[in-house]
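Given next are the chains, with one letter for each unit.
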Amino acid sequence: MYVVCAEHLDRAIDEFVEVYESPPDLYILDEVSFTDWITPSTCDFCDRAPHYLVV
Ligand SMILES: [Zn+2]
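Before going into details, it helps to say that this report is about the structure given with it.

So, on to the coordination of the zinc ion. Summarising the metal site, the zinc ion is bound by the protein donors Cys 5 (SG), His 8 (ND1), Cys 43 (SG) and Cys 46 (SG), whose distances to it range over 2.0 to 2.4 Å. Within one chain, the residues serving as donors to the zinc ion are arranged as C-x2-H-x34-C-x2-C.

In terms of nonpolar packing, the biggest core is built from nine residues, these being Tyr 2, Val 4, Cys 5, Leu 9, Ala 12, Phe 16, Cys 43, Cys 46 and Val 54. At the level of secondary structure, the elements contributing two or more residues to this core comprise strand S1 (2–4) and helix H1 (9–20). Looking at this core, the element that brings in the most residues is H1, giving three residues. Beyond its immediate chain neighbours, meaning those up to four positions away, Ala 12 contacts Tyr 2, Val 4, Phe 45 and Val 54.

Attention now moves to the pattern of salt bridges. With the rule as written, the count across this model stands at two salt bridges. Notably, a salt bridge pairs Arg 48 with Glu 7, separated by 2.7 Å at the nearest N-O pair. With Arg 48 in the loop between strand S2 (26–28) and strand S3 (52–54) and Glu 7 in the loop between S1 and H1, this pair connects stretches of sequence that are 41 residues apart. The exposed category is assigned to Glu 7, whose relative accessible area is 52%. Close ionic contact of Glu 15 with Arg 11 constitutes a salt bridge, the shortest N to O distance being 3.6 Å. Remark: Arg 11 and Glu 15 occur in helix H1; sequence separation between them is four residues, near one turn of the helix. The class of Arg 11 is partly exposed, set by a relative accessible area of 42%.

Inspection of every chain in the model, using the stated rule, returns two aromatic pairs. Taking the centre distance of 6.0 Å and the plane angle of 20° together, the rings of Tyr 2 and Phe 45 count as stacked. With Tyr 2 in strand S1 and Phe 45 in the loop between S2 and S3, this pair connects stretches of sequence that are 43 residues apart.

Reading the values: rules and limits
- Within any chain, residue numbers begin from 1 and follow the written order of that chain's sequence.
- A pLDDT threshold of at least 70 governs which residues receive local features in this predicted model, and a stricter bar of 80 or more applies before side-chain atom pairs are shown or counted, although totals over entire chains, interfaces and linings include all residues.
- Only hydrogens and water are removed before side-chain values are computed, so all heavy atoms of the structure are retained for them.
- Metal-coordinating donors are taken as N, O and S atoms lying within 2.8 Å of the metal, or within 3.2 Å when the metal is Na, K or Ca; because water is left out, some sites can appear incomplete.
- Nonpolar cores were defined as sets of buried Ala, Val, Leu, Ile, Met, Phe, Trp, Tyr and Cys residues, with membership established by side-chain atoms within 4.5 Å.
- Note on classification: 1.4 Å probe, protein chains only; a residue is buried when its accessible area is under 20% of the maximum for its type, exposed when over 50%, partly exposed between these limits.
- Numbering of helices and strands runs from the N terminus; a helix is a DSSP stretch of H or I covering at least four residues, while a strand is a stretch of E covering at least two.
- Should any heavy atoms of two residues lie within 4.5 Å, those residues are counted as being in contact.
- Here, a salt bridge means any Lys or Arg side-chain nitrogen found within 4 Å of an Asp or Glu carboxyl oxygen.
- Pairing of aromatic rings covers Phe, Tyr and the six-membered ring of Trp, with a centre-to-centre limit of 6.5 Å; geometry is then stacked below 30 degrees between planes, edge-to-face above 60, and tilted otherwise.

Rendered as structure tokens:
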């Protein structure tokens, strides 16, 4: 699972496909909420606010 900014979305998808050998599902963070999961405040690859969830 990756939480990334727009700039690193492609990188997250590439890594996901490499690891899981199948395309990920994409979600826009503002549009999803999980009761037992706190959205990270930064992208997995940089210090910017994340916008996408790649799972
Ligand atoms: Zn980023």
